[in-house]
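Fold and contact review
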Amino acid sequence: MQEVKASMAGSVWKITVQVGEQVEADQDVVILESMKMEIPIAAEEAGTVKELKVAEGDFVNEGDVIAIIE
Amino acid sequence: MSYQEELRNRIEKIEQGGKAAYHEKNEEKGKLFVRKRLEILFDEGVEIEDAFFANCMAEDLPSDGVVTGIGKINGQPVCVMANDSTVKAGSWGKRTVEKIIRIQETAEKLEIPMLYLVDSAGARITDQIEMFPGRRGAGRIFHNQIKLSGRVPQICLLFGPSAAGGAYIPAFCDIVVMVDGNASMYLGSPRMAEMVIGEKVSLEEMGGANMHCSVSGCGDVLVKSEEEALHYARTYLSYFPPNFRKQPEAAANKDVKAFEKSIVDIIPENQNAPFNMHDLIQRIIDEDSFCEVKKKFAPELITGLARINGKSVGIIANQPRMKGGVLFHDSADKAAKFIQLCDAFHIPLLFLADIPGFMIGTKVERAGIIRHGAKMLAAMSEATVPKISVIVRKAYGAGLYAMAGPAFEPDCCLALPTAQIAVMGPEAAVNAVYANKIAALPEDERPAFIKRKQEEYRDDIDIYRLASEMVIDAVIDPENLRQELMTRFELYESKNVHFTERKHGVYPV
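This next bit is on the nonpolar core. Residues and elements named next belong to chain B. Counting 92 residues, the largest nonpolar core has Leu 41 and Leu 117 as its most contacted members. Broken down by element, the residue count for this core peaks at seven residues, all from helix 14 (residues 329–344). Discounting residues that sit within four places of it in the chain, Leu 117 has contacts with Arg 37, Leu 38, Leu 41, Val 80, Met 81, Ala 82, Asn 83, Leu 157, Phe 159 and Leu 230.

Between chain A and chain B, the residue contacts involve 14 residues of the former and 19 residues of the latter. Between chain A and chain B, a total of about 1,300 Å² is buried, with carbon and sulfur atoms accounting for 64% of that surface. Considering only the side of chain A, the residues that lose the most area to chain B are A:Met35, A:Lys36 and A:Met37, jointly responsible for 45% of the buried surface there. Linking chain A with chain B are one salt bridge, by the criterion used here. Seen at the junction of chain A and chain B, the total is four residue pairs in polar contact (both at pLDDT 80 or more). At the level of elements, strand 4 (28–34) and strand 5 (37–42) of chain A are the ones that each hand at least two residues to the side of chain A that touches chain B. Here the element with the most residues in the side of chain A that touches chain B is strand 5 of chain A; it accounts for four residues. Looking at the side of chain A that touches chain B, its residues break down into six nonpolar, three polar and five charged.

Moving on, we get to the environment of B:Lys246. All names here are of chain B. Position of Lys 246 among the secondary structure elements: in the loop between helix 11 (226–237) and helix 12 (263–266). The exposure class assigned to Lys 246 is partly exposed, which follows from its relative accessible area of 46%. Sequence-wise, Lys 246 and His 346 are 100 residues apart; in three dimensions their C-alpha atoms are separated by 8.0 Å. Beyond its immediate stretch of four places on either side in the chain, Lys 246 contacts Pro 241 and His 346.

What follows concerns the pattern of salt bridges. Oppositely charged side chains can form a pair if their charged atoms are brought close together. All names here are of chain B. Using the criterion set out here, one finds 31 salt bridges over all chains in the structure. Here Asp 354 ties to Lys 394 by a salt bridge, and the two come within 2.3 Å at their closest N and O atoms. Note that Asp 354 is positioned in strand 12 (residues 349–355) and Lys 394 in strand 13 (residues 387–396), a separation of 40 residues in sequence. Sharing partners across several salt bridges, the network here consists of Lys 31, Arg 37, Asp 119 and Glu 226.

The next point concerns helix 11 of chain B. When the terminal C-alpha atoms of helix 11 of chain B are compared, their 17 Å separation across 12 residues agrees well with the 16 Å that a helix rising 1.5 Å per residue should span. Listed as buried for helix 11 of chain B are B:Glu226, B:Ala229, B:Leu230, B:Tyr232, B:Ala233, B:Arg234, B:Tyr236 and B:Leu237.

Now for the sheet that holds strand 6 (residues 47–52) of chain A. All names here are of chain A. With antiparallel pairing, four strands are arranged side by side in an open sheet as 1-8-6-3. Strand pairing shows two members of the sheet lacking a second neighbour, strand 1 (2–5) and strand 3 (22–23), which therefore form its edges. Of the pairings in the sheet, the one linking strand 6 to strand 8 (residues 65–69) comprises three bridges and is antiparallel in character. Within the sheet, the bridge partner assigned to Leu 52 lies in strand 8 and is Ala 67.

What follows concerns the sheet that holds strand 5 of chain A. All names here are of chain A. Taken in spatial order, the four strands of this open sheet run 5-4-2-7, and their pairing is antiparallel. A strand with exactly one partner marks an edge of an open sheet, and here the two such strands are strand 5 and strand 7 (59–60). Where strand 2 (residues 10–15) and strand 7 come together, two bridges link them in antiparallel fashion. Looking at strand 7, one finds that Gly 10 is bridged to Val 60.

All names here are of chain B. Within this structure, the stated rule accounts for nine aromatic pairs over all chains. An angle of 35° between the planes, with centres 4.6 Å apart, marks the rings of Tyr 236 and Phe 240 as tilted. Across the pair, exposure class does not vary: Tyr 236 and Phe 240 are buried alike. Each member of the aromatic cluster is reached from another via a ring pair, and the members are Tyr 232, Tyr 236, Phe 240 and Phe 345. When the ring centre of Phe 328 is taken as reference, the NZ or CZ atom of Lys 323 above it lies at 4.2 Å.

Before going further, it helps to examine the packing of helix 14 of chain B against helix 16 (residues 369–382) of chain B. Residue and element names in this part refer to chain B. Interaxial distance between helix 14 and helix 16 falls to 8 Å at its minimum, and their mutual angle equals 20°. Judged on the interaxial angle alone, helix 16 and helix 14 are roughly parallel. Between helix 14 and helix 16 the crossing geometry is left-handed. In contact with His 329, Ala 332, Asp 333, Ala 335, Ala 336, Ile 339, Gln 340 and Asp 343 of helix 14, helix 16 contributes Ile 369, His 372, Gly 373, Lys 375, Met 376, Ala 379, Met 380 and Glu 382.

Turning to the environment of A:Val30, a few remarks are in order. Residues and elements named next belong to chain A. Secondary-structure assignment places Val 30 in strand 4. Linking Val 30 and Lys 14, residues 16 residues apart in sequence, is a C-alpha distance of 5.7 Å. Once residues within four sequence positions are removed from consideration, Val 30 is found in contact with Lys 14, Ile 15, Thr 16, Ile 39, Pro 40, Ile 41 and Ile 66.

The rules behind the values
Residues numbered from 1 in each chain as written. Chains lettered and ligands numbered in written order. Predicted model: local features only at pLDDT ≥ 70, side-chain atom pairs only at ≥ 80, totals over all residues. Heavy atoms only, no water. Core = buried A, V, L, I, M, F, W, Y, C linked by side-chain atoms within 4.5 Å. Buried < 20%, exposed > 50% of the residue type's maximum accessible area, 1.4 Å probe, protein only. Helix = DSSP H or I, 4+ residues; strand = E, 2+ residues; numbered from the N terminus. Contact = heavy atoms within 4.5 Å. Buried area = accessible area lost by both parts, 1.4 Å probe. Salt bridge = Lys/Arg side-chain N within 4 Å of Asp/Glu carboxyl O. Polar contact = N/O pair within 3.5 Å; in protein donor to acceptor, adjacent residues only side chain to side chain. Nonpolar A, V, L, I, M, F, W, Y, C, P; charged D, E, K, R; others polar. Expected span 1.5 Å × (residues − 1). Pairing = 2+ DSSP bridges. Phe/Tyr/Trp six-rings, centres within 6.5 Å; stacked < 30°, edge-to-face > 60°. Lys NZ or Arg CZ within 6 Å of the ring centre and 35° of its normal. Axes fitted to C-alpha atoms, helices over the stretch in contact; angles between N-to-C directions. Parallel < 35°, antiparallel > 145°, perpendicular 65-115°, else oblique. Left-handed = near helix turned anticlockwise from the far one by under 90°.

If you want it as structure tokens, here you go:
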């Protein structure tokens, strides 16, 4: 199991995967918006999206868990 | 037994290091014997070795647990000290410390690089009076390292533990390479942490290679094997001169790798969309010449050695792919050391800017982002090597300053046509100036108003306007960027400036 975490503080702009979807290593899971920039957050390893912990528009702090991948 | 035979027997015994059981234990962990490491490191092994017979009157302390000598890397002589962990876990006795001090003194006299191959449990407590507190005790090793810093390159390869005081050897080196799984650095062991402060933690978590190379920044390069560490050291040194008096040697001229997509193709039009800065770096440097430093630590800023037209350059580049390329306290800290490293050894600097600014918010203010940012600016400002700043896309606020903006005496500040220089981006600026006005407008009129004001703002910071004001020195076609850099770096080679006169600045650390 891997936790995908926010690399910096910002708001969730887009969620690019769905629960149950297969993802590859380095595939973007969500895109944050911070400092007026798009910040893609990718899965470190391949797996299946088990849970999404955030919704679009949510504020996340650095280190917050965004998704869980198995 | 003839005296020659006695000598031969003694040499043979010492060369074997510690007991077979310790060799086996090391082998299980994928650790090589110290003499094997030196064979791989040097062109032709250690060529001269001093105090080989140190502590030879003791039964079980061959060379007192450390090999010191000189060998050649890429044909250049280099001093080395290498712990032997088969001898009392590589611990330091009186003679171990004296040997390390002497080889450092040799490196100072000969003005050649100093390598530290560390694999040591720390001090031999039983020998402490002889090896710890005195003038030629272990403290002297660090004193010498500090003195050697910037005179000759100092490299640390960490193969095993580097504990307590020993952890300062890597701390004072220019670069620290750590072998994943075996290398560690810590002031107090997990056992001590549990006893003294009540913390239960594993060694890997507290002081492992991965942690240090990605979180603390005490490690620079994470490698999978000892061979990889040794090869990295050879490659790394090829970018450096043997000492601060000399210039780095140029490599045989190489061409740039051919890519299907050009620089124009890889830079997105939308300033806020990410792209991979490595793709741009690869298109301007010589093929296969990138040697990254601190790849895993603060990856929103890329630092690495490379060659352009065969000559060494140090690259500092924002990475929009990570954290939007925003500068954080850790990335500023990373940049400061890398800039100092390059400047110390006459390696010209290339800044590639695509930066929304320094990070804001409670978390980074508490981490001291202002003083860490100041440290980066100070290092960049003081660097007297040829310094080129390229504005790739946005360079907002203090981000422009940190990336060797025009006020910091770069030899030139170049802009690609995609460059955007401003205090802040259009979205933030319109909001800052017109927030009240926008709020007063009927909701359906707001988007059009915002859009119009953003366009006006973009026109106001048009790159040709900045070129007209001579803020930037040239606007470059991305396809000619490599050629432009080659020409300019070559012409700047005779640069000879002294930053200022004083004893030394007071560094904002």
